[in-house]
Amino acid sequence: MELNTFGERLKSERNRLGLSQEAFAAVGGVKKLAQISYEQGKTLPDIGFMVAVSKIGVDVTYVMFGVPTPGALSAEEDQLLSGFRKLDLMGKVRVLGVIEGAVPHEKPKSRHMVSIGGSVGHQVNGDVYGTVNNGDIPGKVKAPRETSEKKK
């Protein structure tokens, strides 16, 4: 079912977030009757209401224009990204390691590749040997030996 009106889309976002009309209204700084009026299309909220509900994950572009924002973050994703940006390099490496270990892979990735980069944080793929301190790599970074390679 296509939701054609502002009120229908606002209600669908409220339901998606699992909030009652009263709880959603409180987030926006209004009373339940105002929320009901918005959802019925009788009145429109002010910009302060829209800013407030956007902070809990409402896709304001969808509510306003009927077009979902590509790549819109859920509240949990936004919280995770905000926390990640506050981490130092070692913290980011640890988080990325947890994610890498938790995500199932369809095919094994090469264990002989190390890449570090990114404008917001750093991404490390592969095995890293040595220590990483505040962006310096005092130890060696090397790929593990092939299993067929003979030890000397």
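All values derive from a computational prediction rather than experimental measurement.

J.: Which residues make up the overall build of the protein, and what values go with them?
T.: The number of helices and strands found in the protein is 7 helices and 2 strands. Written out in order from the N terminus, the α and β elements of the protein read α-α-α-α-α-α-α-β-β. Looking at the protein residue by residue over its 152 residues, the buried ones come to 21%. For the protein, the share of sequence-separated contacts (at least 6 apart) that also reach a separation of at least 24 residues comes to 47%.

J.: Tell me about the confidence of the model for the protein, and please be specific about residues and values.
T.: Looking at the protein as a whole, the pLDDT averages 78, with 64% of positions reaching at least 70. Least confident of the elements in the protein is strand E1 (residues 115-117), whose mean pLDDT is 56; most confident is helix H3 (residues 32-39), at 97.

J.: Would you mind going over the nonpolar core in detail, with residue names and values included?
T.: Of all hydrophobic cores here, the largest spans 10 residues; its members are Phe 6, Leu 10, Phe 24, Tyr 38, Phe 49, Met 50, Val 53, Val 58, Tyr 62 and Val 63. Contributing elements (two or more residues each) for this core: helix H1 (6-16), helix H4 (47-54) and helix H5 (60-65). Element by element, the count of residues in this core is highest for H4, at 3 residues. With residues near it in sequence (within four places) discarded, Phe 49 still touches Leu 10, Phe 24, Gly 28, Val 30, Gln 35 and Tyr 38.

J.: Any chance you could break down the side chain of Glu 13 for me, citing the residues and the numbers?
T.: Within the secondary structure, Glu 13 sits in helix H1. Of the polar contacts made by the side chain of Glu 13, one reaches the side chain of Arg 16; its length is 2.8 Å. With residues up to four places along the chain from it excluded, the contact list for Glu 13 reads Gly 57, Val 58, Asp 59, Tyr 62 and Val 63.

J.: Summarise helix H7 (residues 89-102); cite the residues concerned and give the values.
T.: When the terminal C-alpha atoms of H7 are compared, their 20 Å separation across 14 residues agrees well with the 20 Å that a helix rising 1.5 Å per residue should span. Taken together, the buried positions of H7 are occupied by Leu 89, Gly 91 and Lys 92. Each buried residue of H7 lies within a common arc of 160° when the element is viewed along its axis, so the set occupies one face. Residues of H7 that are exposed and angled more than 90 degrees away from the buried face: Arg 94, Val 98, Gly 101 and Ala 102. The elements touched by buried residues of H7 are helix H6 (75-85).

J.: Break down the pattern of salt bridges for me, with residues and values.
T.: Pairing is possible between side chains of opposite charge, provided their charged atoms come close. Per the counting criterion, the structure on display carries 2 salt bridges. Between Glu 13 and Arg 16 there is a salt bridge; the shortest N-O distance is 2.8 Å. Of this pair, Glu 13 and Arg 16 are both found in helix H1, 3 residues apart, which corresponds to roughly one turn of the helix. Residue classification places Arg 16 among the partly exposed positions, given a relative accessible area of 46%. A salt bridge links Arg 14 to Glu 39; the shortest N-O distance between them is 2.5 Å. A residue pair is termed long-range when its members are at least 10 positions apart, and Arg 14 in helix H1 and Glu 39 in helix H3 qualify at 25 residues. Glu 39 shares its class with Arg 14; the two are buried.

J.: Mind laying out the environment of Val 27, listing which residues take part and the relevant values?
T.: Relative to the helices and strands, Val 27 resides in helix H2 (residues 21-28). Look at Val 27 and you get partly exposed, because its relative accessible area is 32%. The residues contacting Val 27, other than those within four sequence positions of it, are Ala 52, Val 53 and Ile 56.

About the thresholds
- Residues numbered from 1 in each chain as written.
- Predicted model: local features only at pLDDT ≥ 70, side-chain atom pairs only at ≥ 80, totals over all residues.
- Heavy atoms only, no water.
- Helix = DSSP H or I, 4+ residues; strand = E, 2+ residues; numbered from the N terminus.
- Buried < 20%, exposed > 50% of the residue type's maximum accessible area, 1.4 Å probe, protein only.
- Contact = heavy atoms within 4.5 Å.
- pLDDT = per-residue confidence, 0-100.
- Core = buried A, V, L, I, M, F, W, Y, C linked by side-chain atoms within 4.5 Å.
- Polar contact = N/O pair within 3.5 Å; in protein donor to acceptor, adjacent residues only side chain to side chain.
- Expected span 1.5 Å × (residues − 1).
- Arc of directions from axis to C-beta.
- Salt bridge = Lys/Arg side-chain N within 4 Å of Asp/Glu carboxyl O.

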